[in-house]
Amino acid sequence: MDLSVKIMSKIDTLSSILQFQTDDVSSYWREALFNAYPFLDKEKCSLLAWKDRKQYLTSELSKFYDKIKMNLQKKCILSQQTWNEKKENINHIYTKVFDINCYNLFNNMVAEISLNPICPRNIKQHSYSVFWAGDELNFLKTSLHEMIHFVWFYIWKQHFNDCWEKYEAPNLKWILSEMVIDTLIKNTDIGNIYPENPKKKTHILIFII
């Protein structure tokens, strides 16, 4: 497995955030944005129609994106360095845990640094986003989490030969894969490289899905 870390474009970042701010999304997901960015007026957004809410959030977050562009670049560099330092050990452990050669799998993975505190992924494209405000340990946690999904569903598809669309929320196979994550972290060598192993301490900073 190998990984390239990039900065998500402003357009893609806004699109990623806004998909969790529509009227049909539960408050659990919508409020994550306002917890991450207190300068956003949550009460105002709750009263606005979708068109006006979208315009308000786009305007405010676009300005913030431009303001922290240098921070995003630094985060990108540090995250890539973290991966480069850890990848040999990660490949070794994932190969051992899943009993397949992970060195030759997913050498096209992409992690995109994003303003979105919710970190969606694309199983088929082997890509995922990482919240910019987290440190390198949060980057590593998100990456290890998503890589478990990638390998799990790779093996699953080899066995069942079903469609990729069934591996994303809200499908039952996605729910099952989320249940598997903690089990593997707690009971395999992945737990030895996972920051703040759940056996010792539980701390959630961002939303990983």
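Not measured: the values here are computed from a predicted model. (Residues numbered from 1 in each chain as written. Predicted model: local features only at pLDDT ≥ 70, side-chain atom pairs only at ≥ 80, totals over all residues. Heavy atoms only, no water.)

Peer 1: Please clarify how the environment of Glu85 should be interpreted in this entry.
Peer 2: Relative to the helices and strands, Glu85 resides in helix α5 (residues 69-98). Through-space distance from the C-alpha of Glu85 to that of Val180 is 26 Å; in sequence the pair is 95 residues apart. (Helix = DSSP H or I, 4+ residues; strand = E, 2+ residues; numbered from the N terminus.)

Peer 1: In this structure, what is going on with the side chain of Lys157? I would like to understand it.
Peer 2: With respect to the element layout, Lys157 can be found in helix α6 (residues 136-160). Of the side chains with opposite charge, Asp162 lies nearest to the buried Lys157, which makes no salt bridge, at 4.8 Å. Excluding its chain neighbours within four sequence positions, the residues that come into contact with Lys157 are Asp162, Cys163, Trp164 and Tyr167. (Buried < 20%, exposed > 50% of the residue type's maximum accessible area, 1.4 Å probe, protein only. Lys, Arg positive; Asp, Glu negative; His and termini not counted. Salt bridge = Lys/Arg side-chain N within 4 Å of Asp/Glu carboxyl O. Contact = heavy atoms within 4.5 Å.)

Peer 1: When you look at helix α4 (residues 50-67) in this model, what are you seeing that I'm missing?
Peer 2: Since the α-helix turns once every 3.6 residues, residues separated by three or four places project in the same direction. Between its first and last C-alpha atoms α4 spans 25 Å; for 18 residues at 1.5 Å apiece the expected length is 26 Å, and the two agree. On its buried side, α4 packs onto β1 (3-7), α1 (10-18), α2 (27-36), α3 (42-47) and α5. (Expected span 1.5 Å × (residues − 1).)

Peer 1: Any chance you could explain the packing of α6 against helix α7 (residues 172-187) here in plain terms?
Peer 2: Between two packed helices, what matters for the description is the angle formed by their axes and the separation of those axes. At a minimum axis separation of 10 Å, α6 and α7 run at an interaxial angle of 120°. By the angle class used here, α6 and α7 are oblique. Every pair of crossing elements has a handedness; the one defined by α6 and α7 is right-handed. Contacts from His145, Ile148, His149, Trp152, Phe153 and Trp156 in α6 reach Lys173, Trp174, Leu176, Ser177, Glu178, Val180, Ile181, Leu184 and Ile185 in α7. Considered class by class, the residues forming the contact of α6 with α7 number 10 nonpolar, 3 polar and 2 charged. (Axes fitted to C-alpha atoms, helices over the stretch in contact; angles between N-to-C directions. Parallel < 35°, antiparallel > 145°, perpendicular 65-115°, else oblique. Left-handed = near helix turned anticlockwise from the far one by under 90°. Nonpolar A, V, L, I, M, F, W, Y, C, P; charged D, E, K, R; others polar.)

Peer 1: Just to check I follow, could you spell out the layout of surface pockets for this structure?
Peer 2: Over the atoms, a rolling probe the size of a water molecule traces out where space has been left empty. Its boundaries defined by the atoms lining it, the second largest pocket holds a volume of some 350 Å³. Ser16, Gln19, Pro120, Arg121 and Asn122 are the residues nearest the centre of the second largest pocket, which is lined by 17 residues in total. Looking at the lining of the second largest pocket, the elements with two or more residues in it are α1, β4 (121-122) and β5 (127-131). (1 Å grid on protein atoms, 1.4 Å probe; cavity = no way out; pocket = protein on both sides within 12 Å on 5 of 7 lines; lining within 4 Å. Points joined across faces, edges and corners; volume = space filled by probe spheres on them.)

Peer 1: Sorry, what's going on with the sheet that holds β1 here?
Peer 2: Whenever strands of a sheet pair, they do so through backbone hydrogen bonds, lying parallel or antiparallel. In spatial order, the strands read β1-β2-β5-β4; together these 4 strands make up an open sheet with mixed pairing. On the outer flanks of this sheet lie β1 and β4, each paired with one strand and no other. Relative to β5, strand β2 (residues 109-114) runs parallel, the two sharing 5 bridges. Bridged to Ser114 within β5 is Phe131. (Pairing = 2+ DSSP bridges.)

Peer 1: Hey, could you run me through the packing of α5 against α6 in this one?
Peer 2: Running from N to C, α5 and α6 cross one another at 40°; their axes reach a closest spacing of 10 Å. As summarised for this structure, α5 and α6 are arranged oblique, according to the angle between their axes. Between α5 and α6 lies a crossing whose hand is right-handed. Taken together, the residues of α6 that come into contact with α5 (itself represented by Lys75, Leu78, Ser79, Thr82, Trp83, Lys86, Ile90, Tyr94 and Phe98) are Glu136, Phe139, Leu140, Leu144, Met147, Ile148, Val151, Trp152 and Ile155.

Peer 1: Explain α5 to me, please; I cannot follow it from the model alone.
Peer 2: Here α5 is 30 residues long, yet its end C-alpha atoms lie only 38 Å apart, well below the 44 Å a rise of 1.5 Å per residue gives. The largest bend in α5 amounts to roughly 50° and is located at Lys86. Of the residues one or two after α5, Asp99 is the one with positive phi, at around 60°. (Bend = angle between axes of the 7 residues up to and from the residue.)

Peer 1: Honestly, unusual backbone geometry in this entry has me stumped. Any pointers?
Peer 2: The bulk of non-glycine residues show a negative phi, and the bulk of peptide bonds are trans. In this model, Ala169 is joined to Pro170 through a cis peptide bond whose omega is 5°. Turning to its location among the elements, Pro170 is positioned in the loop between α6 and α7. Despite not being glycine, Phe106 shows a phi value in the positive range, around 55°. With respect to the helices, strands and loops of the structure, Phe106 is situated in the loop between α5 and β2. Unlike most non-glycine residues, Asn161 shows phi in positive territory, near 50°. With respect to the helices and strands, Asn161 occurs in the loop between α6 and α7.

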